[in-house]
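Given next are the chains, with one letter for each unit.
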Amino acid sequence: TEGGNMVRMFYCVAGYMGGRSFHAMALPLLVWMFDCAFVRLVMVFYCMTSGVGCLFKGALATSTSSVRPASSSLGALMPHRVHAWPSVGGINASALPFLILRWRYGSVWVWEMDQ
């Protein structure tokens, strides 16, 4: 159906834009094209949160996550991959919007902004 195709297309686009491959391509391109402090800040922030996320993932790794692979009977889409906590993509997806809001609006609370 038409609605199902739109949802599938949105899912594919959103999945790509939230992935590491998009950020690895887009952020250096933005820094190269637009030489401004905000773009450099986003690039450095992304690299730092990715590094901290990988350090947390290594520090909090459990032996069971590497020994026992995910089971397809539990609903895993890719049983050969093991997903550990915390998700580096999740860290970036939650931290980058707040960084952008803080940069854009500074110290003004959202509910106190003028229309």
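Cut-offs and rules
Residues numbered from 1 in each chain as written. Predicted model: local features only at pLDDT ≥ 70, side-chain atom pairs only at ≥ 80, totals over all residues. Heavy atoms only, no water. Helix = DSSP H or I, 4+ residues; strand = E, 2+ residues; numbered from the N terminus. Buried < 20%, exposed > 50% of the residue type's maximum accessible area, 1.4 Å probe, protein only. Contact = heavy atoms within 4.5 Å. Areas by Shrake-Rupley, 256 points an atom, 1.4 Å probe, with all protein chains shown as cover. Expected span 1.5 Å × (residues − 1). Axes fitted to C-alpha atoms, helices over the stretch in contact; angles between N-to-C directions. Parallel < 35°, antiparallel > 145°, perpendicular 65-115°, else oblique. Left-handed = near helix turned anticlockwise from the far one by under 90°. Nonpolar A, V, L, I, M, F, W, Y, C, P; charged D, E, K, R; others polar. Core = buried A, V, L, I, M, F, W, Y, C linked by side-chain atoms within 4.5 Å. Phe/Tyr/Trp six-rings, centres within 6.5 Å; stacked < 30°, edge-to-face > 60°. pLDDT = per-residue confidence, 0-100.

How do you make sense of the overall build of the chain when you look at a structure like this?
A count of helical and extended segments in the chain gives five helices and zero strands. Tracing the chain from N to C terminus, the helices and strands come up as α-α-α-α-α. Within the span of the chain, comprising 115 residues, buried residues form 14% of the whole. For the chain, the proportion of contacts with a sequence separation of at least 24, taken over those separated by at least 6, is 60%. Put simply, the chain shows about 9300 Å² of open surface, and 69% of that area lies on carbon and sulfur atoms.

I would appreciate a short explanation of helix 2 (residues 20-33) in the present structure.
Residue pairs spaced three or four apart in an α-helix point in one direction, given the helix's 3.6 residues per turn. The first and last C-alpha atoms of helix 2 sit 20 Å apart over 14 residues, in line with the 20 Å expected at 1.5 Å per residue. The secondary structure elements touched by the buried residues of helix 2 are helix 1 (2-17), helix 3 (37-59) and helix 5 (88-105).

Got a minute to help me understand the packing of helix 3 against helix 5 in this structure?
The relative placement of two packed helices is expressed as an angle between their axes plus a distance between the axes. Viewed as axis vectors pointing N to C, helix 3 and helix 5 meet at an angle of 150°, and their least axial separation amounts to 10 Å. In terms of orientation, helix 3 and helix 5 fall into the roughly antiparallel class. Once helix 3 is placed against helix 5, the crossing between them reads as right-handed. Contacts between helix 3 and helix 5 involve Ala-37, Phe-38, Leu-41, Val-42, Phe-45, Tyr-46, Thr-49, Ser-50, Gly-53, Cys-54 and Lys-57 on the former and, on the latter, Val-88, Ile-91, Asn-92, Ala-95, Leu-96, Leu-99, Ile-100 and Trp-103. Residues belonging to the contact of helix 3 with helix 5 are distributed by class as follows: 14 nonpolar, four polar and one charged.

Help me understand the packing of helix 2 against helix 3, please; the structure alone is not making it clear to me.
Where helix 2 contacts helix 3, the two axes come as close as 9 Å, and the packing angle between them is 145°. The handedness of the crossing between helix 2 and helix 3 comes out as left-handed. Listed contacts from helix 3 to Arg-20, His-23, Leu-27, Pro-28, Leu-30 and Val-31 of helix 2 are Val-39, Val-42, Met-43 and Tyr-46.

It is not clear to me how the nonpolar core should be interpreted in this structure. Could you clarify?
Most often, soluble globular proteins have nonpolar side chains that are buried together. Membership of the largest hydrophobic core is limited to five residues, which are Leu-27, Val-42, Tyr-46, Leu-96 and Leu-99. If you list the elements that add at least two residues to this core, you get helix 3 and helix 5. Setting aside chain neighbours within four positions, we find Leu-27 in contact with Val-42, Met-43 and Tyr-46.

What am I meant to see in the packing of aromatic side chains here?
Describing an aromatic ring pair means giving the distance of the ring centres and the angle of the ring planes. Inspection of the entire model under this criterion finds two aromatic pairs. Plain terms: the ring middles of Tyr-16 and Phe-22 are 5.6 Å apart, the flat faces sit at 70° to each other, and that makes the pair edge-to-face.

What's the story with the confidence of the model for the chain in this structure? I'm lost.
When pLDDT is averaged along the chain, the result is 75, and 77% of the positions lie at 70 or above. For the chain, helix 4 (residues 63-67) is the element with the lowest average pLDDT, namely 52, and helix 3 is the one with the highest, namely 84.

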